[in-house]
Amino acid sequence: MLVFHRHSIQEETEDKRMAANRAAWFLLCWEHQAAQAALRPPPPCRAARAGPRRPQAPADPTLAASAPGRSAPSLSLASVLTSVLHFLQERLRLPQDVSFENRGRRCDRSKNGAISLTFPVFRSWKRGERRPLHQAGSAGAVALATGGTASAEGPGRPGSLQDETLGVASVPSQWRGVQGICRETKSCQTASIATAEASAQVRKHADAQVQTEAPVPVTVLPLSQHDTSRLTAFLRRVEAMVIRELNKNWQSHAFDGFEVNWMEPQQTVSCLHTLGYPPAQGQGLHVTSVSWNATGSVLACAYGRLDDGDWSTLKSFVCAWNLDRRGLNPQQPSAVVEVPSAVMCLAFHPTQPSHVAGGLYSGEVVVWDMSRSEDPLLWRTGLTDDTHTDPVCQVIWLPEPRHSHRFRLLSAAADGKVLLWQGAGTGQLQLAEGFALLVQQLPRSTKLKKPSRGETEVGVTAVAFSSFDSSLFILGTEGGFPLKCSLAAEEVALTRMPSSVPLRAPAQFTFSPHGGPVYSVSYSPFHRNLFLSAGTDGHIHLYSVLQAQPLTSLQLSHKYLFAVRWSPVRPLVFAAASGEGDVQLFDLQKSSQKPTVSIVQTQDGSPVYCLEFNSQQTQLLAAGDANGTVKVWQLSTAFTEQGPRETEDLDQLAAEVAT
């Protein structure tokens, strides 16, 4: 058994391991050949061989130096080990103190003729580790560490061994150097990246000019070419005749009440536009109010609900259509404003075509600029102590007393308050004046029902101002009786409602009531004393401010009447919106008991809640209904052209009934 202290060398690279393995394989091959030679029988005598003698190979100097017999492999083993040691020292650069231990080679032949051969085994010892002794009966060990001689104690006895401290062998790696030499540097380059910069500048410039024809100079004939004598004689001859005819025409009343009308005569009432906003109609909202702007070309409507139900939390809309715009889409308004609360009433500014005021169900008053699509809100009252506590029923723009070009905003609500607001630069509407209606301060001209305990306020439902006196106005109430009121009233209202300004009591006169709440009032633009009222009893009353009883009463419907308006061009014409789905036009010059024309607004009989005449384009009448639709009606010339002496007939009607 042969032990090679190989692991005492620090192997760090593959090159070291390959060298050691080659040395071990060399020893193994040699040991096998030696064992085969030991077991081979001796060759026969040369004299006994027959035949010619073959030439022999030269003898191995190592074997020749050995003694004859089977000890030759053992002697050559020592020399081979010495050669291997030198090879390893030179190849691996081993230190000189590296030793080999030969534990012998065993080759036994059993009784049945089998041969057992033990091949060399290599073993390593750690530095400083004590080598164990082999048991007796094993093959004799030859300790090469002691100079390669056998132990003196003999076979089966352990020899005296000494500890050795071997140095650390450091073997540099040549594999990395070879690999570094063979290293190849490779690179790959893609195709060159093409870059390009492009810019485009478009400039469109157009010049347009309009030039009329060159003026042609007027050739004036010299005075010498005029026959002045004949012209003078003609003028003197017809002068008296022309003056006489002019005086006759100036004293004639044949053309009183007639105005030049450049429009073609319209014999029937026709529907010009049917407007609507699908998102509002999809929510089941009603058209609660309509209003024309100052130019008469834009129509706005408010969406809300007037019937019972929890609708105060629904958002609503304010929509506007420009009827003079080409390509008008009746289902797409020109401007839309979303409002968090239902809008109950609208009123365009008298001089600002894009400003519109609205009263909300929450009691707030808001002013929008419809020309601004991003942020149309201009002013708002906010929810303060001055704000209405009930839904606002009507808003009206009023000129200031000392500045006719400035306007204030009046609002009325069911909480019994009539408030005048002034716009501030901060976007807030500030309360300028206020009025409150209380039962105990109403005039005693009419017997009224005693109010319930704690209910002292009189709910306001409608407002109408006189065209002849800017301080005089009529209020419609929930109790059914109209009230004549004045902005100049000085009596303090006996109310506990909080307010930043003192509230006054405006009522001066009480008229005979309807059979239910009054929903609409309208002052005559042609007579200072006449006004109309419409109520839930289906009647229209014509009042004079000079007496409590109505001048006449007309029953138009068995359902509610929601709106009534005087015509702005015909003194004896007015229109009413009924709960049966129609718009009724009256001409008191033709009949004082039944409508002249009844226009069907809704096919299913849904109520018509509001209507307004166009004061600029007088042939137009707008009406809104419960289906969320606004219809613009074009009136016939019979309702737009004033008849002869119509104003005198209105004055005579008021004077005869009043007496």
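Note that the coordinates shown come from a computational prediction; the quantities given were computed from them, not determined experimentally.

**What about the overall build of the protein?**
Moving on, step 1. Within the protein one finds 7 helices and 35 strands.
Moving on, step 2. Evaluated residue by residue, the protein yields a buried proportion of 41% over its 659 residues.
Moving on, step 3. Across the protein, contacts joining residues at least 24 apart in sequence account for 55% of those joining residues at least 6 apart.
Moving on, step 4. When the accessible surface of the protein is split by element, carbon and sulfur atoms take 52% of a total near 39200 Å².

**Topic: the packing of aromatic side chains**
Between two aromatic rings, the relevant description is the distance of the centres plus the angle of the planes.
Moving on, step 1. Tallied over the full model, the rule gives 13 aromatic pairs.
Moving on, step 2. Centroid distance Y519 to Y560: 6.0 Å. Interplanar angle 85°. Geometry classified as edge-to-face. Taken together, the residues span a long stretch of sequence, with Y519 in strand β25 (residues 518-523) and Y560 in the loop between β28 (552-555) and β29 (561-566) at a distance of 41 residues.
Moving on, step 3. Residue Y519 is classed as partly exposed on the basis of its relative accessible area of 33%.
Moving on, step 4. Clustering of aromatic rings is evident, with ring pairs tying together F509, F511, Y523, F531 and Y543.

**Considering the environment of P550**
Moving on, step 1. As for its placement among the helices and strands, P550 is situated in the loop between β27 (539-544) and β28.
Moving on, step 2. Owing to a relative accessible area of 22%, P550 belongs among the partly exposed residues under this scheme.
Moving on, step 3. When the C-alpha positions of P550 and F511 are compared, they lie 7.9 Å apart, and in sequence the two are 39 residues distant.
Moving on, step 4. P550 has contacts with S512, H541, L542 and Y543, leaving out every residue within four places of it along the chain.

**Quick notes on the sheet that holds strand β31 (residues 582-587)**
Moving on, step 1. Judged by pairing direction, the sheet is antiparallel, and its 4 strands sit side by side in the order β29-β30-β31-β32 without closing on themselves. Two strands bound the open sheet, and with one partner strand each, they are β29 and β32 (597-600). Going across the sheet, the axis of each strand differs from the next one's by a mean of 15°, ignoring polarity.
Moving on, step 2. Pairing between strand β30 (residues 573-578) and β31: 5 bridges, direction antiparallel. Bridging from a neighbouring strand, F574 pairs with F586 of β31.

**A word on helix α5 (residues 228-251)**
Moving on, step 1. Relative to the 34 Å expected for 24 residues at 1.5 Å per residue, α5 spans 34 Å between its end C-alpha atoms, a close match to the ideal helical length.
Moving on, step 2. In the structure, α5 departs most strongly from a straight axis at V238, where the bend amounts to approximately 40°.

**Details of the pairing of strand β8 (residues 286-292)**
Moving on, step 1. Among the 7 residues in β8, 7 count as buried, and that is most of the element.
Moving on, step 2. Where β8 and strand β9 (residues 298-304) come together, 6 bridges link them in antiparallel fashion. Across the sheet, residue H286 finds its bridge partner in β9, namely G304.
Moving on, step 3. Hairpin connection of β8 to β9: 5 residues between the antiparallel strands, including G296 at a positive phi of 80°.

**With respect to the pairing of strand β34 (residues 620-625)**
Moving on, step 1. Counting buried positions along β34 yields 6 of 6 residues, so the element is predominantly enclosed.
Moving on, step 2. A two-sided burial pattern is seen for β34, the buried positions comprising L620, A622 and G624 on one face and L621, A623 and D625 on the other.
Moving on, step 3. Where strand β33 (residues 608-613) lies against β34, 5 bridges are found, and the strand directions are antiparallel. Residue pairing for β34: F613 is matched across the bridge by L621.
Moving on, step 4. Where β33 folds back on β34, the antiparallel hairpin that results is connected by 6 residues.
Moving on, step 5. Where β34 lies against strand β35 (residues 629-634), 5 bridges are found, and the strand directions are antiparallel. Considered in β35, the bridge of L621 is made with W633.

**Observations regarding the sheet that holds strand β24 (residues 507-510)**
Moving on, step 1. Spatially, 4 strands are ordered β20-β21-β22-β24 in an open sheet, and the strand pairing comes out antiparallel. Unpaired on one side and paired on the other, β20 (460-465) and β24 mark the two borders of the sheet. For this sheet, the mean angle separating the axes of adjacent strands, direction not counted, is 30°.
Moving on, step 2. In the sheet, β20 pairs with strand β21 (residues 472-477) via 5 bridges, with the strands oriented antiparallel. From the neighbouring strand, A462 faces β21, where its bridge partner is G476.

**Quick word on the side chain of E364**
Moving on, step 1. With respect to the helices and strands, the residue E364 is situated in the loop between β13 (355-360) and β14 (365-369).
Moving on, step 2. Given the relative accessible area of 5%, E364 is considered buried.
Moving on, step 3. Engagement of the side chain of E364 in a polar contact is seen with the side chain of R380, the distance being 2.6 Å.
Moving on, step 4. With residues near it in sequence (within four places) discarded, E364 still touches G358, G359, R380, T381, G382, L383, T387 and V392.

**Structural notes on the pattern of salt bridges**
Pairing is possible between side chains of opposite charge, provided their charged atoms come close.
Moving on, step 1. Inspection of every chain in the model, using the stated rule, returns 8 salt bridges.
Moving on, step 2. When the shortest N-O distance is used, the salt bridge between E433 and R408 registers 2.8 Å. Of this pair, E433 sits in strand β19 (residues 429-436) while R408 sits in strand β17 (residues 407-413), and the two are 25 residues apart along the sequence.
Moving on, step 3. Taking relative accessible area as the criterion, E433 reaches 21% and is therefore assigned partly exposed.
Moving on, step 4. On the basis of relative accessible area, R408 is assigned to the buried category, the value being 11%.
Moving on, step 5. We note a salt bridge from E646 to R570, for which the minimum N-O separation is 2.8 Å. Taken together, the positions of E646 in helix α7 (residues 646-658) and R570 in the loop between β29 and β30 put the pair 76 residues apart, joining distant regions of the chain.
Moving on, step 6. We classify R570 as buried; its relative accessible area is 2%.

**Concerning the environment of R305**
Moving on, step 1. With respect to the element layout, R305 can be found in the loop between β9 and β10 (316-322).
Moving on, step 2. Residues R305 and V343 lie 38 residues apart in sequence; the distance between their C-alpha atoms is 8.5 Å.
Moving on, step 3. Looking at R305, its side chain comes within polar contact range of the main-chain oxygen of G284, at 2.3 Å.

Conventions we followed
- Residues numbered from 1 in each chain as written.
- Predicted model: local features only at pLDDT ≥ 70, side-chain atom pairs only at ≥ 80, totals over all residues.
- Heavy atoms only, no water.
- Helix = DSSP H or I, 4+ residues; strand = E, 2+ residues; numbered from the N terminus.
- Buried < 20%, exposed > 50% of the residue type's maximum accessible area, 1.4 Å probe, protein only.
- Contact = heavy atoms within 4.5 Å.
- Areas by Shrake-Rupley, 256 points an atom, 1.4 Å probe, with all protein chains shown as cover.
- Phe/Tyr/Trp six-rings, centres within 6.5 Å; stacked < 30°, edge-to-face > 60°.
- Pairing = 2+ DSSP bridges.
- Axes fitted to C-alpha atoms, helices over the stretch in contact; angles between N-to-C directions.
- Expected span 1.5 Å × (residues − 1).
- Bend = angle between axes of the 7 residues up to and from the residue.
- Polar contact = N/O pair within 3.5 Å; in protein donor to acceptor, adjacent residues only side chain to side chain.
- Salt bridge = Lys/Arg side-chain N within 4 Å of Asp/Glu carboxyl O.

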